[in-house]
Amino acid sequence: MILSLIKTLREMTMIKVKELVKYTKKLSVLYVEDEPELRTTTENILSNLFDKVDSAENGQAGLKKFQSSEFDLIITDINMPRMDGITMVKAIHEIKPEQ
């Protein structure tokens, strides 16, 4: 009984992921994170969902990548060296208020 329930839950999750990918596969993401291992792991996960995934190691590098490329979505850490995520988002909003 429990194994059957677990199997059903897994199948339901896969269906939801497949539905999600229908919408996300056409989008590009900028992921900003200062922890190298977390950045690499998350970038690998995001690459299964999104068409284009780029990453940066801090807000300053993230802002530079934003200025040279188009992104549909930006995911950022808050506490980082050089420039924190909040400062980066404010700078992005000044450059492109509709983002």
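As a reminder, the structure under discussion sits directly above these lines.
Here is what the cut-offs are and how they apply
- Note that residues are indexed from 1 along each chain, following the sequence as it is written.
- For a predicted model such as this one, the threshold for reporting local features is a pLDDT of at least 70, and the threshold for listing and counting side-chain atom pairs is 80 or more; totals across whole chains, interfaces and linings nevertheless cover every residue.
- Calculated side-chain values reflect all of the structure's heavy atoms, with hydrogen atoms and water omitted.
- Counted as salt bridges are all cases of a side-chain nitrogen of Lys or Arg within 4 Å of a carboxyl oxygen of Asp or Glu.
- What counts as a helix is a DSSP run of H or I of at least four residues, what counts as a strand is a run of E of at least two, and both are numbered from the N terminus.
- Classification of residues uses two cut-offs on accessible area relative to the type maximum, computed with a 1.4 Å probe and protein chains only: under 20% is buried, over 50% is exposed, and between them is partly exposed.
- Contacts are assigned to residue pairs that have any heavy atoms within 4.5 Å of one another.
- Two aromatic rings from Phe, Tyr or Trp, using only the six-membered ring of Trp, form a pair when their centres are within 6.5 Å; if the ring planes differ by under 30 degrees the pair is stacked, by over 60 it is edge-to-face, and anything between is tilted.
- Working rule: Lys NZ or Arg CZ, within 6 Å of ring centre, within 35 degrees of ring normal, means a charge sits over the ring.
- Paired strands are those between which DSSP finds at least two bridges.
- To obtain an axis, a line is fitted to C-alpha atoms, over the contacting stretch when the element is a helix, and the angle between two such axes runs from 0 to 180 degrees between their N-to-C directions.

Asks: So, the pattern of salt bridges: which residues are in play, and what are the values?
Replies: Inspection of every chain in the model, using the stated rule, returns two salt bridges. The partner of D54 in a salt bridge is K65, with the nearest N and O atoms 3.0 Å apart. Of this pair, D54 sits in strand β2 (residues 52-56) while K65 sits in helix α3 (residues 59-68); the two residues are 11 residues apart in sequence, bridging distant segments of the chain. A relative accessible area of 23% places D54 in the partly exposed class. Of the charged contacts, one joins K96 and E70 as a salt bridge, the two residues approaching to 2.9 Å between their closest N and O atoms. One end of the pair, K96, is in the segment after α4 (85-95); the other, E70, is in the loop between α3 and β3 (73-76), and 26 residues separate them in sequence.

Asks: Report on the environment of P81, specifying residues and quantitative values.
Replies: Note that P81 resides in the loop between β3 and α4. Taking the relative accessible area as the measure of exposure, P81 reaches 46% and is therefore partly exposed. Distance from P81 to D34, taken between C-alpha atoms, is 7.5 Å for residues 47 residues apart in sequence. Here P81 is in contact with D34, N58 and G59, once residues within four sequence places are set aside.

Asks: Tell me about the packing of aromatic side chains, and please be specific about residues and values.
Replies: In this structure the tally under the stated criterion is zero aromatic pairs. Just above the ring of F71 sits the side chain of K52; from NZ or CZ to the centre is 4.6 Å.

Asks: Tell me what's going on with the sheet that holds strand β1 (residues 28-32), and back it up with residues and numbers.
Replies: Across the sheet, which stays open at both edges, the three strands sit in the order β2-β1-β3 with parallel pairing between neighbours. Two strands close off the open sheet at either side, each with one partner strand: β2 and β3. Here the average twist between neighbouring strands, direction ignored, is 20°. Sheet topology places β1 next to β2; five bridges connect them, and they run parallel. Residue pairing in the sheet places V29 in a bridge with V53 of β2. Sheet contacts for α4: β1 and β3; angle to β3, the most-contacted strand, approximately 160°.

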